[in-house]
Each structure stands twice: as structure tokens, then as C-alpha cells.
Amino acid sequence: MANPALEEIRGKIEKSARLADRKTSDIVLIAVSKTRSGDEIRPLLAAGHRVFGENRVQEAAGKWPALKADYPDIQLHMIGQLQSNKAAEAVALFDYIHSMDRPSLIKALAKEMDLQQRRLPCFLQVNIGEEPQKGGCDIKAVPELLEQARDGGIKVVGLMAVPPDGTNATPYFALLAKLARDNGLDGLSMGMSGDFEKAIKLGATHIRVGTALFGERVPHSV
Ligand SMILES: *Cc1c(COP(=O)(O)O)cnc(C)c1O
């Protein structure tokens, strides 16, 4: 069954890709379903969408097993800050991790991937706006963290970032793209409801869209 919001976003992705002379198939739409119930998610599944993002392990563990039982080909992306003591659960539940950002977490993920024999592709999250309260590594730490992750057997597919709120995201997207290029990485997880078209123009391979697909989130449960 067609879903109007999904159709609209897909149309915008196609248009942005065409303008940037890129292939639509090179851009993955991650439907960010944090705070949404299974009943809110099911219409997107019925419309054929299979790629979703969550920012909390506990919340995801509560709602996705039932949905996966009905749709086994769901692909789940962890996009939120991850505590090392949740690494085991995250590796078991998710298919991708976007929020790898520090030595202790890399170590915990590498250990769990070994134990579970599940090698999830990961993005290294960069604190691109150098904001103290945000997740992500320092820009200058990128090379050493990539090396640590690879030494631990982790497959690093790209960089991820969330630019500062209320600013023009373009220079941050451009900087993340340059950092990825300089480090030989193809994947770029960037762009949300308000700026995914800009992100696509600057090379995003994974856009993370919540509000534009599901409507506004209730403020307290972000
Ligand atoms: C919530 C969230 C998104 C989606 O944001 P919207 O503005 O609702 O599209 C994307 N990325 C991360 C890391 C998020 O936490």
C-alpha cells in the first residue's frame, strides 16, 4: 500500500540525486522510528520500506523483534549514542552501527562481534561542529580511531555526523565528505528531515529521516 509521506521523500531523493548527477540507488533512506510504536511503523513496512533507524537499544529491543518476525528482511541501523555496556545487545539486534566514536566503544564492539560472529558494518561518528554535549569523535582523532577499529576486525564503511542545530549544515556536510575522502571511505551518513537534500548534493549515502516520514515527535521523548 502506497504511503504518501514515503512517496514524497522518495521523490525528493530522486530529484536531488538527479541534480547532483548521482544514482538514486546509491542513497539509502533510513526511516528513523525512535519514539514511534509498532502500529506507526507498520504502514511503512506495508509500503515496502525495510530500512529503519533507532537511537536507543532498549526501545529498539522492545519493538523490533515482533516486527522482524513478520518482515524478516528488515535492516536496522543504530544511530544514537551507544554505551559500551550495551554493545552485546546492540550487535545482536542491529545490522549497522552509525555511532561508533571512542576507543572504549570500539573495543567493546570488536569483542562482541568476535563473540557473536556478527560483523556489522559501522560508521565512525564525528563531532563535526565540535560541540561538547554531542556524541562523535574529534575531527583530528578520525585516523587513529579508524585504525583501532580495523585492527579490531571492524568493517568501517564511512563517517556519520549531526551538524549543530540551527546552523546552515552545508559547510559541515562538505567537511565530513572531505574527511571521508581523505581517509579513503565511501559511506557518508548525513542529512535529516530538514536538510537531506543538501546532504545528497554533498555526497550522502545514508540519510536519516524521522519527522518528515512520521510527523512531529512529542518533545519529551526525543
Ligand atoms: C532523530 C534523529 C534523526 C532524525 O531526525 P528528523 O529531524 O526527525 O528527521 C537523524 N539522526 C539522528 C542521529 C537522530 O537522533
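The following refers to the structure shown. (Residues numbered from 1 in each chain as written. Predicted model: local features only at pLDDT ≥ 70, side-chain atom pairs only at ≥ 80, totals over all residues. Heavy atoms only, no water.)

**Here we look at the overall build of the chain**
Each helix and strand counted, the chain has nine helices and eight strands in total. By the compact-globule yardstick of 17 Å for 222 residues, the chain fits well, its C-alpha radius of gyration being 17 Å. Overall, the chain is about 45 × 40 × 35 Å in size when its C-alpha atoms are taken along their principal axes. Across the 222 residues that make up the chain, the buried fraction comes to 47%. Accessible area for the chain stands at about 10500 Å²; split by element, carbon and sulfur atoms hold 51% of it. Of note, the chain has its 29 positive side-chain charges centred 1 Å away from the centre of its 28 negative side-chain charges. (Helix = DSSP H or I, 4+ residues; strand = E, 2+ residues; numbered from the N terminus. Rg over C-alpha atoms; globule rule 2.2 N^0.38 Å. Buried < 20%, exposed > 50% of the residue type's maximum accessible area, 1.4 Å probe, protein only. Areas by Shrake-Rupley, 256 points an atom, 1.4 Å probe, with all protein chains shown as cover. Lys, Arg positive; Asp, Glu negative; His and termini not counted. Charge placed at Lys NZ, Arg CZ, Asp CG, Glu CD.)

**With respect to the packing of helix α5 (residues 103–116) against helix α6 (residues 142–151)**
The interhelical angle for the contact between α5 and α6, taken along N-to-C directions, is 15°, at an axis separation of 9 Å. Between α5 and α6, the crossing angle belongs to the class labelled roughly parallel. Our pair here, α5 against α6, has a crossing hand that is right-handed. In this structure, α5 uses Pro103, Ile106 and Lys107 to contact α6, whose residues at the interface are Leu145, Gln148 and Ala149. In the contact of α5 with α6, the residues fall into four nonpolar, one polar and one charged. (Axes fitted to C-alpha atoms, helices over the stretch in contact; angles between N-to-C directions. Parallel < 35°, antiparallel > 145°, perpendicular 65-115°, else oblique. Left-handed = near helix turned anticlockwise from the far one by under 90°. Contact = heavy atoms within 4.5 Å. Nonpolar A, V, L, I, M, F, W, Y, C, P; charged D, E, K, R; others polar.)

**Observations concerning the pattern of salt bridges**
This model, assessed by the stated rule, comprises twelve salt bridges. The salt bridge partner of Arg102 is Asp101, with a shortest N-O separation of 2.9 Å. On the basis of relative accessibility, which here comes to 27%, the residue Arg102 falls in the partly exposed class. Taken together, the salt bridges that share partners define one network made up of Glu54, Glu59 and Lys63. (Salt bridge = Lys/Arg side-chain N within 4 Å of Asp/Glu carboxyl O.)

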